[in-house]
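Residue-level structural notes
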Amino acid sequence: MNLLFARILFVVISMIIGFQTVGPKGNALLGALIGIISALVIILAEIGMRKVSVRGLSSSVFGLILGLIMAKLVSDAFSIAQIPADTLSLIRLTLTLVFCYLGMVIGLRGKDEFNIIIPYVKLRREDQSEILTILDTSVIIDGRIVDISKTKFLDGKVIIPRFVLKELQQIADSTDPMKRQRGRRGLEILHTIQKEAGLDITLHEEDFPEVNEVDAKLVKLAKLLEAKILTVDFNLNRVASFQGIKVLNINELANALKPMVFPGEEMQIKLIKEGKEHNQAVGYLEDGTMVVVEDARKLIGQEIRVAVTSVLQTQAGRMIFTKIQK
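Attention here is on the structure that accompanies the text. (Residues numbered from 1 in each chain as written. Predicted model: local features only at pLDDT ≥ 70, side-chain atom pairs only at ≥ 80, totals over all residues. Heavy atoms only, no water.)

Moving on, we come to the layout of surface pockets. Counted as a void, the second largest pocket has a volume near 210 Å³. Forming the boundary of the second largest pocket are I131, T133, I148, F153, L154, D155, K228, L230, L248, N249, I250 and L253. Listed by contribution, the elements that provide at least two residues to the lining of the second largest pocket are β6 (228–231), β7 (247–249) and α11 (250–257). Its residues assigned to classes, the lining of the second largest pocket comprises 8 nonpolar, 2 polar and 2 charged. (1 Å grid on protein atoms, 1.4 Å probe; cavity = no way out; pocket = protein on both sides within 12 Å on 5 of 7 lines; lining within 4 Å. Points joined across faces, edges and corners; volume = space filled by probe spheres on them. Helix = DSSP H or I, 4+ residues; strand = E, 2+ residues; numbered from the N terminus. Nonpolar A, V, L, I, M, F, W, Y, C, P; charged D, E, K, R; others polar.)

Shown next as structure tokens:
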């Protein structure tokens, strides 16, 4: 509502200025109309610039200032030589245009690394002292973030990027019933952690329009904010870790919290299905750990007692290999 009021006020002021500029000697109504049209053109230009980030704008302004300084220095060097005034003016104009363009382009290309720098001291944003954690789409849909946040293991500020929220909305509006259900679940989880979990949640507006993939945007945002990424996505975990970003993977946390078992330990297990290898059967513990039983295919559907022979830890989780206890 405040933005609408500012635009209306701007149009009215522009109309008054146009009316007074023409004055009583001219067509005052034409002046007012020109003022209104000019204001509307500027407002349309402002609306079209909504995707321009403050960081990108500040980087381009910094590059522009640097270009002006370089153009001034180089043109002053030319002024030492015996060059006609008209030629020197043309050289100054050309150098100014070239260096301003190069400065703005370099500033925009390096906006992710753009910082205000004093010799030997890099100024950081005030909130950089906080622990920042970015949520990705997969961890929101997964839902375990609600229980984890209630245990107070997740501290600091939690950031939800605007592009992650947009992806959730797209999934929730999908024509595929399964995707639509997952998207709506994700939106419900967001509402829950915002209202009940007691987390300090911030919606971040940075979008990186030049990047198409959401995972790539998450990596860029994590680099920019020096934040961690909370995820259950294995591929994102690998890519982010490779680029030096700290990743909190809920699946790895869940695997680490599973009770340890040792060779020779006995357990009761119900066999659910056939295994991949010949004559194997598979069951599951309460925490979802897969238990492979040798020579037990004929006992599928029964609950039997087995002894652990070995334990295999994989990226997907833990697998326990057993044999029938006789």
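Under the defined criterion, the tally for this structure stands at 7 salt bridges. The partner of R92 in a salt bridge is D76, with the nearest N and O atoms 3.6 Å apart. Taken together, the positions of R92 in helix α4 (residues 85–109) and D76 in helix α3 (residues 54–80) put the pair 16 residues apart, joining distant regions of the chain. What makes R92 partly exposed here is its relative accessible area of 29%. Among the ionic pairs, D207 bridges to K217, the shortest N-O distance being 3.3 Å. Residue D207 is found in the loop between β5 (200–204) and α9 (214–225), and its partner K217 is found in helix α9; the two are separated by 10 residues along the sequence. Among the residues examined, D207 registers a relative accessible area of 31% and is labelled partly exposed. If you follow the salt bridges from partner to partner, you end up with K72, D76 and R92 in one network. (Salt bridge = Lys/Arg side-chain N within 4 Å of Asp/Glu carboxyl O. Buried < 20%, exposed > 50% of the residue type's maximum accessible area, 1.4 Å probe, protein only.)

All right, on to the sheet that holds β6 then. Here 5 strands make up an open sheet; going across it, the order is β5-β4-β3-β6-β7 and the pairing parallel. Strands with a single pairing partner mark the edges of an open sheet, and in this sheet they are β5 and β7. With direction set aside, neighbouring strand axes in the sheet form an average angle of 30°. Inspection of the sheet shows β6 paired to β7 by 3 bridges, in the parallel sense. Bridged to L230 within β7 is L248. Helix-sheet contacts for helix α7 (residues 162–172) involve β3 (132–135), β4 (157–161) and β5, and the interaxial angle to β4 is about 55°. Packed on one face of the sheet, α9 meets β3, β4, β5 and β6 and runs near 170° to β3. (Pairing = 2+ DSSP bridges. Axes fitted to C-alpha atoms, helices over the stretch in contact; angles between N-to-C directions. Contact = heavy atoms within 4.5 Å.)

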